[in-house]
Amino acid sequence: MLSEAVGYTLIPLAGLLLGALAAVIRPPGPQTKSAIQHFAAGVVFAAAASEILPGLKHQGAGLPIAVGGALGVVAMLLVKEAGRRAGGSAGLAAIGAVDILIDGLVLGIGFVAGQQQGVLLTVALTLEVVFLGLTTTLALRERITSRLAVLLVAAGIGLLLPVGGFLGGLAGTLSRPYLDAFFAFGLVALLYLVTEELLVEAHEQPETPAVTAAFFVGFLALLVLEEAL
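Residues numbered from 1 in each chain as written. Predicted model: local features only at pLDDT ≥ 70, side-chain atom pairs only at ≥ 80, totals over all residues. Heavy atoms only, no water.

Caption draft 1: The arrangement of the pattern of salt bridges in detail. Going through the model one piece at a time under the given rule, you end up with one salt bridge. Among the ionic pairs, D180 bridges to R176, the shortest N-O distance being 2.8 Å. Of this pair, D180 and R176 are both found in helix α9 (residues 176-202), four residues apart, which corresponds to roughly one turn of the helix. Take R176: its relative accessible area is 35%, and that puts it in the partly exposed class. (Salt bridge = Lys/Arg side-chain N within 4 Å of Asp/Glu carboxyl O. Helix = DSSP H or I, 4+ residues; strand = E, 2+ residues; numbered from the N terminus. Buried < 20%, exposed > 50% of the residue type's maximum accessible area, 1.4 Å probe, protein only.)

Below is the structure:
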């Protein structure tokens, strides 16, 4: 289970590198970027609602869920505050690295729940990480002129995905109350990615009906994939 969790993090790692490569070669326009963010937000929201929430609702214990959820809220707020205080491209890159580590952690936790949950979370987080790689690389380009150097830094940040996957996979050795706390933490982290990162930035651009619909297309696409699996 642990090796599987770490191995699957290579897929979103490839997505991050793809986003970074696009940023240094041909960044997408504002409308295209907003549509991608809406689609990714829909996929991540569906993963949280269908893969993590049901297990917590039907099998979890109240106190561990409350503790894990509270720690998740505190962690996400600290990340947000750190980004606000740091500011600039270096600060954004640092916060992106923290997000990547948490994404790997959530993915590792997903494989603790089961292979199907882990696979679906891999799909969801890969789409989110593509966008994260794109924005982080654009921020790095404000400080680093060499395209190769930017890609190497992005790849270094991406290596935090396997690290997070390893830490999340270790949760499989813990007793059920600790697992509930980990799952609650992961649920909060996913919801934060949707509501405070993907959609917030997506709404900075004027929206068209097609761009708005991309959220629901992503949401339904993951549900259809879940049924297919």
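Caption draft 2: Quick peek at helix α2 (residues 10-25). Compared with an ideal rise of 1.5 Å per residue, which puts 16 residues at 22 Å, α2 spans 22 Å between its outermost C-alpha atoms and is within 8% of the ideal. Restricting attention to buried positions, one finds in α2 the residues P12, L13, G15, L16, G19, A20, A23 and V24. (Expected span 1.5 Å × (residues − 1).)

Caption draft 3: Focus on the nonpolar core. Ranked by internal contacts, the top residues of the largest apolar core, which has 42 residues, are I52, M76, F183 and L190. For this core, the secondary structure elements donating two or more residues are α3 (30-59), α4 (62-86), α5 (88-113), α6 (115-140), α9 and α10 (209-228). If one sorts the elements of this core by residue count, α9 sits on top with 13 residues. Leaving out residues up to four positions away in the same chain, M76 has contacts with I102, V188, A189 and Y192. In terms of nonpolar packing, the next biggest core, distinct from the first, is built from 10 residues, A20, I100, I157 and L161 among them. (Core = buried A, V, L, I, M, F, W, Y, C linked by side-chain atoms within 4.5 Å. Contact = heavy atoms within 4.5 Å.)

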